[in-house]
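This is what each chain is made of:
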Amino acid sequence: MKRTIKKYGNRKLYDAQQSRYISMSELKEIIRKGEDVEVIDTRTGDDITSEVLTKAIVEAGGKDALSADALHSLIRWGTTAFESGLAFLGRSLHKVLPLADRADVQGLMEKVRTLETRVEELQDQLKQQQADSTTNGKQPPLTN
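Since the structure is predicted, the reported quantities are computational estimates derived from the model, not experimental observations. (Residues numbered from 1 in each chain as written. Predicted model: local features only at pLDDT ≥ 70, side-chain atom pairs only at ≥ 80, totals over all residues. Heavy atoms only, no water.)

Colleague: How would you sum up the pairing of strand 4 (residues 37-41)? Please name residues and give values.
Modeller: The element strand 4 is largely enclosed, with a buried count of four among its five residues. Where strand 1 (residues 3-7) lies against strand 4, five bridges are found, and the strand directions are parallel. If you follow I5 over to strand 4, its bridge partner there is V39. (Buried < 20%, exposed > 50% of the residue type's maximum accessible area, 1.4 Å probe, protein only. Helix = DSSP H or I, 4+ residues; strand = E, 2+ residues; numbered from the N terminus. Pairing = 2+ DSSP bridges.)

Colleague: Help me get a handle on the packing of aromatic side chains, residues and values and all.
Modeller: Across all of its chains, the model carries three aromatic pairs by this definition. Summarising the aromatic geometry, the rings of Y8 and Y14 are spaced 6.4 Å apart at their centres and angled 85° between planes, so their arrangement reads as edge-to-face. Given the relative accessible area of 30%, Y8 is considered partly exposed. Seen from their ring centres, Y8 and Y21 are 6.1 Å apart, and the 65° between their planes marks the pair as edge-to-face. Of the two residues, Y8 is situated in the loop between strand 1 and strand 2 (13-15) and Y21 in strand 3 (residues 20-22); the sequence distance between them amounts to 13 residues. Judged by its relative accessible area of 43%, Y21 falls in the partly exposed class. The structure contains a cluster of three or more aromatic residues connected by ring pairs, namely Y8, Y14 and Y21. (Phe/Tyr/Trp six-rings, centres within 6.5 Å; stacked < 30°, edge-to-face > 60°.)

Colleague: Which residues make up the side chain of D41, and what values do they have?
Modeller: Locating D41 in the fold gives a position in strand 4. The buried category is assigned to D41, whose relative accessible area is 14%. A polar side-chain atom of D41 sits 2.8 Å from the main-chain amide nitrogen of R43. Excluding anything up to four places from it in sequence, D41 contacts K7, D46 and I48. (Polar contact = N/O pair within 3.5 Å; in protein donor to acceptor, adjacent residues only side chain to side chain. Contact = heavy atoms within 4.5 Å.)

Colleague: I'd like a description of the pairing of strand 1, backed by residues and values.
Modeller: Here strand 1 shows a buried face lined by R3, I5 and K7 and an unburied face lined by T4 and K6. Inspection of the sheet shows strand 1 paired to strand 2 by three bridges, in the antiparallel sense. What sits directly across from K6, in strand 2, is Y14. Remark: five residues form the turn of the hairpin made by strand 1 and strand 2, two consecutive strands paired antiparallel; R11 in that turn has positive phi of roughly 75°.

Set out below in structure tokens:
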């Protein structure tokens, strides 16, 4: 059963189970402990869970935050192959994570971070090659 969190117009989050307001940090801690949440906009009644959880990740800063380059790429690519790939990864992790112990999850998260870093490096390399090709008038090959 999902834990219902209500979001009010003043941007406050209200935990219906605990009957109290909670911070974004407390919301993340609830999720880290394994609970699923559903965030409802009290004004419209809409389910805004994805929006609030995305904001939680972006506002996290430090190790949890996505880089500005990664966020730019996500916006640019929109509903292309990258988004489909992330959706597939999310579905896969959703099936695997309940079966894994904490050490396995940490190892998997480290591998994902490594892949994100490699993707950023390849994006930077592609940008450089595109910039070089405009000045040289030809298209260089991608390298691994």
